[in-house]
Amino acid sequence: GDVVTLSDMTWFPTTIFMEYMLPKVFGWPNVFRETEGPLPELAKWWLRVSELPAFATVRQQIWEYWEEMDGKGQFQPIIDEMANDVDGLKCRYP
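Now for a description of the structure that goes with this document. No experiment lies behind these values; they were computed from the predicted model shown. (Residues numbered from 1 in each chain as written. Predicted model: local features only at pLDDT ≥ 70, side-chain atom pairs only at ≥ 80, totals over all residues. Heavy atoms only, no water.)

**Thoughts on the packing of helix α1 (residues 6-26) against helix α2 (residues 40-50)**
- Viewed as axis vectors pointing N to C, α1 and α2 meet at an angle of 105°, and their least axial separation amounts to 11 Å. Overall, the two elements α1 and α2 adopt an arrangement that is roughly perpendicular. Where α1 approaches α2, its residues D8, W11, F12, T15, I16 and E19 are matched on the opposing element by L42, W45, W46, V49 and S50.
- Class assignment for the residues of the contact of α1 with α2 results in seven nonpolar, two polar and two charged. (Axes fitted to C-alpha atoms, helices over the stretch in contact; angles between N-to-C directions. Helix = DSSP H or I, 4+ residues; strand = E, 2+ residues; numbered from the N terminus. Parallel < 35°, antiparallel > 145°, perpendicular 65-115°, else oblique. Contact = heavy atoms within 4.5 Å. Nonpolar A, V, L, I, M, F, W, Y, C, P; charged D, E, K, R; others polar.)

Set out below in structure tokens:
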């Protein structure tokens, strides 16, 4: 809707983690930015709230945190496990 709700504020920070990790670790497309992609309504919502100043600030802070953690190897064990997945059963986007 047109009004920001508690649901928006609660869900948005989690999407930043997903925006960072899903393409990098699991090879997903950026489902939060592709309005013609697999989840167009999600992308439209995400792009709309991302433009709000408070949401943009939160996104920047969380994104920078994950960049820092990534630099420290936070995701490497998962990336290694995905690379060793010969069955194709682990969290790959269809």
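**Topic: the nonpolar core**
- By size, the foremost hydrophobic cluster in this structure holds nine residues: Y20, M21, L22, V25, F26, W66, M69, F75 and M82.
- Of all the secondary-structure elements, those providing two or more residues to this core are α1 and α3 (53-71).
- Top element by residues in this core is α1. It accounts for five residues.
- Residues in contact with F75, not counting those within four places in the same chain, are F17, Y20, M21, V25, W66 and D70. (Core = buried A, V, L, I, M, F, W, Y, C linked by side-chain atoms within 4.5 Å. Buried < 20%, exposed > 50% of the residue type's maximum accessible area, 1.4 Å probe, protein only.)

**What to know about the packing of aromatic side chains**
- This structure, assessed with the given rule, holds ten aromatic pairs.
- Measuring from ring centre to ring centre gives 4.7 Å for F17 and W66, while their planes differ by 45°; the resulting arrangement is tilted. On the criterion of sequence distance, the pair formed by F17 in helix α1 and W66 in helix α3 is long-range, its members being 49 residues apart.
- On the basis of relative accessible area, F17 is assigned to the partly exposed category, the value being 27%.
- Assessed through its relative accessible area of 15%, W66 is described here as buried.
- Here the aromatic residues F17, Y20, W63, Y65, W66 and F75 are joined through ring pairs into a cluster of three or more. (Phe/Tyr/Trp six-rings, centres within 6.5 Å; stacked < 30°, edge-to-face > 60°.)

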